[in-house]
Amino acid sequence: MLRPSWDEYFLEIAKIVAKRSTCLRRHVGAILVKDKRILATGYNGAPSNIRHCLDVGCIRERKNIPSGERHELCRGIHAEQNLIIQAAYHGVPISNSILYCTNFPCSICAKMIINAGIERIVYLDGYPDSLSEELIKEANIQVEKK
């Protein structure tokens, strides 16, 4: 058996994290890594103590909102947002870290990633948000699709 590269290893973990998602549309998992150590994990779902879409249904589906639009009309928090919040909550510094994510970040997450000082993004699947791509490119964050 071949040993996975570090990128492959951390992306596999992100895929497992995505299995905790409570979103009815897309299961996303993300992890932050620095010096080959996991700093935080996140998946998309409702905030703590708030009912999940699995329990109450999807607002965005009921309103026929396409993927990548009107992010504010959702009960859930994106995986990238959750891991940045988790790190802050526990006092874990995340500057100069690497984000491994099952999906490319949206523009809202991209702005948070930029300000958090994350220096590289490794992801599996795309996301329909061209502004996100522009912002990340302008911020000189390294990006690699696997």
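Attention in this report is confined to the structure presented alongside it. (Residues numbered from 1 in each chain as written. Predicted model: local features only at pLDDT ≥ 70, side-chain atom pairs only at ≥ 80, totals over all residues. Heavy atoms only, no water.)

A look at the overall build of the protein chain
Okay, so step 1: Scanning the protein chain from terminus to terminus reveals 6 helices and 5 strands.
Okay, so step 2: Going from the N terminus to the C terminus, the protein chain shows its helices and strands as α-β-β-α-α-α-β-α-β-α-β.
Okay, so step 3: For a compact globule of 146 residues, the expected C-alpha radius of gyration is about 15 Å, and the protein chain comes in at 15 Å, within 12% of that figure.
Okay, so step 4: The principal-axis extent of the C-alpha atoms belonging to the protein chain is close to 40 × 35 × 35 Å.
Okay, so step 5: Sorting the 146 residues of the protein chain into buried and exposed places 42% on the buried side.
Okay, so step 6: Taking the contacts inside the protein chain whose residues are at least 6 apart along the sequence as the reference set, 55% of them involve residues at least 24 apart.
Okay, so step 7: Total accessible area on the protein chain stands at roughly 8600 Å², and carbon and sulfur atoms take up 51% of it.
Okay, so step 8: Taken together, the 20 basic and 16 acidic charged side chains of the protein chain have centroids lying 6 Å from each other. (Helix = DSSP H or I, 4+ residues; strand = E, 2+ residues; numbered from the N terminus. Rg over C-alpha atoms; globule rule 2.2 N^0.38 Å. Buried < 20%, exposed > 50% of the residue type's maximum accessible area, 1.4 Å probe, protein only. Contact = heavy atoms within 4.5 Å. Areas by Shrake-Rupley, 256 points an atom, 1.4 Å probe, with all protein chains shown as cover. Lys, Arg positive; Asp, Glu negative; His and termini not counted. Charge placed at Lys NZ, Arg CZ, Asp CG, Glu CD.)

Section: the sheet that holds strand β3 (residues 98-103)
Okay, so step 1: Taken together, 5 strands build an open sheet; the order of strands is β2-β1-β3-β4-β5 and the sheet is mixed. Whereas interior strands pair on both sides, the edge strands pair on one side only; in this sheet they are β2 (37-43) and β5 (142-145). Neighbour to neighbour, the strand axes of the sheet diverge by 20° on average, direction disregarded.
Okay, so step 2: With 6 bridges joining them, strand β1 (residues 29-34) and β2 adopt antiparallel strand pairing. Each residue of the ladder has a partner; that of Ile31, found in β2, is Thr41. (Pairing = 2+ DSSP bridges. Axes fitted to C-alpha atoms, helices over the stretch in contact; angles between N-to-C directions.)

Some details on the environment of Ile114
Okay, so step 1: With respect to the helices and strands, the residue Ile114 is situated in helix α5 (residues 107-116).
Okay, so step 2: According to the relative accessible area criterion, Ile114 is partly exposed, its value standing at 27%.
Okay, so step 3: Excluding its chain neighbours within four sequence positions, the residues that come into contact with Ile114 are Leu135, Ile136, Ala139 and Ile141.

A short note on the pattern of salt bridges
Okay, so step 1: Overall, the coordinates contain 7 salt bridges when judged by the stated rule.
Okay, so step 2: The network of salt bridges with shared partners includes Asp7, Arg120, Glu144 and Lys146. (Salt bridge = Lys/Arg side-chain N within 4 Å of Asp/Glu carboxyl O.)

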